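Breakdown of the fold
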Amino acid sequence: MTTTPHTGPAPAPAPVEAEVTLRQAERLADDIRVHAAAFDEQARALTGTARLADVESVVLVGDGDSDHAGRAVEMAYRSLAGVDCRAVSALPFVHYWRPAAGSAARVLTVAVSASGHTPPVVRAAERARADGSTVVALTGDATSPLARAAHGTVHLALPDLEPSPGIRTYQASLLGALLLATALGTARGHLTGADADLLRDELRALADPVEATVGEAVARTGPLAERIADAPVLTVLGSGPSHGTALYAAAKVIETSGVFAVGRDLEEWCHVERFAGPRDLPVLVVAPPGRSLADARRVARRATGLGRRVIAVAARDDLGGFDAPEVLPVHGRAREEFSPLLHGLFAAPLACHLARTLNRTPFAAGRP
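From a predicted model like this one, the values you see are computed outputs, not experimental measurements.

Along the protein, the regular secondary structure elements total 14 helices and ten strands. Taking 21 Å as the expected radius of gyration for a compact globule of 368 residues, we find that the protein reaches 21 Å, a close match to that expectation. Scored against the burial criterion, the 368 residues of the protein give a buried share of 54%. Sequence separation of at least 24 residues holds for 76% of the intrachain contacts in the protein that already meet a minimum separation of 6. Accessible surface computed for the protein: about 15,100 Å², of which carbon and sulfur atoms make up 54%.

A few words now on unusual backbone geometry. A cis amide bond links G277 with the next residue in sequence, P278, at an omega value of 0 degrees. Within the fold, P278 resides in the loop between α11 (266-271) and β8 (282-287). Phi at D323 takes a positive value of approximately 55 degrees, unusual for a residue other than glycine. If you trace the backbone, D323 turns up in the loop between β9 (309-315) and β10 (326-330). One non-glycine residue, N359, lies in the positive phi region at around 60 degrees. The topology assignment puts N359 in the segment after α14 (347-358). Using a relative accessible area of 73% as the deciding quantity, one classes N359 as exposed.

With respect to the helices and strands, the residue L354 is situated in helix α14. C-alpha of L354 to C-alpha of G258: the two residues are 96 residues apart in sequence and 8.9 Å apart in space. Setting aside residues no more than four positions away along its own chain, L354 makes contact with A225, I228, A229, L234, V253 and S257.

This brings us to the packing of aromatic side chains. Geometrically, a pair of aromatic rings is defined through the distance of the ring centres and the angle of the planes. Applying the stated criterion across every chain, the model contains two aromatic pairs. Judged by centre distance (5.2 Å) and plane angle (15 degrees), the rings of F93 and W97 are stacked. Here Y170 and Y248 contribute two aromatic rings whose centre-to-centre distance is 3.8 Å and whose plane-to-plane angle is 5 degrees, an arrangement assigned as stacked. With a gap of 78 residues between them, Y170 in helix α7 (residues 168-187) and Y248 in helix α10 (residues 241-257) connect regions that are remote in the sequence. With relative accessibility at 5%, the residue Y170 sits in the buried group. The ring of F338 carries R335 above its face, with NZ or CZ at 5.8 Å from the centroid.

Take α14 next. With twelve residues, α14 should reach 16 Å at 1.5 Å per residue; the first-to-last C-alpha distance of 16 Å fits that figure. With nine of twelve residues buried, α14 is to be regarded as a mostly interior element. Taken together, the buried positions of α14 are A347, A348, P349, L350, A351, C352, H353, L354 and A355. With its phi angle positive at about 60 degrees, N359 sits one or two positions after the end of α14.

The five strands are arranged β2-β1-β3-β4-β5 in an open sheet whose pairing can be described as parallel. The two strands at the open ends of the sheet, each matched to only one other strand, are β2 (84-89) and β5 (152-155). Each strand of the sheet is rotated relative to its neighbour by a mean of 20 degrees, with strand direction disregarded. The sheet contact formed by strand β1 (residues 57-62) and β2 spans six bridges and is parallel. Across the sheet, the residue bridging to G62 is S89, located in β2. Against the sheet, helix α5 (residues 119-131) touches β1, β3 (107-113) and β4 (134-139), its axis set at about 165 degrees to β3.

Calculation notes
- Residues numbered from 1 in each chain as written.
- Predicted model: local features only at pLDDT ≥ 70, side-chain atom pairs only at ≥ 80, totals over all residues.
- Heavy atoms only, no water.
- Helix = DSSP H or I, 4+ residues; strand = E, 2+ residues; numbered from the N terminus.
- Rg over C-alpha atoms; globule rule 2.2 N^0.38 Å.
- Buried < 20%, exposed > 50% of the residue type's maximum accessible area, 1.4 Å probe, protein only.
- Contact = heavy atoms within 4.5 Å.
- Areas by Shrake-Rupley, 256 points an atom, 1.4 Å probe, with all protein chains shown as cover.
- Phe/Tyr/Trp six-rings, centres within 6.5 Å; stacked < 30°, edge-to-face > 60°.
- Lys NZ or Arg CZ within 6 Å of the ring centre and 35° of its normal.
- Expected span 1.5 Å × (residues − 1).
- Pairing = 2+ DSSP bridges.
- Axes fitted to C-alpha atoms, helices over the stretch in contact; angles between N-to-C directions.

Given below as structure tokens:
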């Protein structure tokens, strides 16, 4: 018996259900408990192989979630590693970014891609290496083109991944990047060994607050989604590390529910988007403890005064002063550098419940 080879177009992948985002979110706490130590061990091992002690500046390169993760951890590299740091999207990095003359050997390029196969990120790593920079890959595939292009790799391996908007992989990128910043700070003498150990303990201790915050977000975002699903646009605001969180949250809403969402800096929203209608557009304000907390309260009050449906995402002790009709409380407290691990947890449950309310599925491009 013979069979005729299939010569037509490849079959379409099975649809992804919105509920996958909840399953991913519910595993985040255990991912910290189980995998943080292995990520840390790899980051520390790189200090002896990637010339980290000589690094004076860091460039974080990625696309999509990986770019958002880079923007969320810039502050950590400045404060914990004592280096200049900037996040640059992969394509602009390839075409427009170059180290200053004679400085390439003191630049660390951290190339982030969960798959390790994102072409612009691979090209960015190759370009940085050709320029003479040290390149470290943060990726879930240790044999990927990105890993091969780097001098060293932190392998962010996660078991049992499902086709889904990136949720567990985003947290893994954040964890890997923060642990690498801590290792870099130690290698450069900016942190003592005891300081670094305390930071690692802080990161591991976030597992319980992550679990509690996800649980409350799942319960609260169902009714919230029903109240805001009529909006044509949803805006998420944050500054510093929370600007990366805002970009990530907007991406999850778009990918999962098809609702157009925008992540913006707090003050930039005041300059531009506050003039957009309709007046009752939902605005989520991400407000961790730290430098921009007072600004987040100020912007939330202004948005409420303009008629926006404001949702404050903040630690329970910080919710006062927002004048927000809706809140998404964050359990526990983290230093601002680590806050993206807690303050972006609402994104996956909200995106799932919006998709359920609107009867949509993830990745359905071009839907009406």
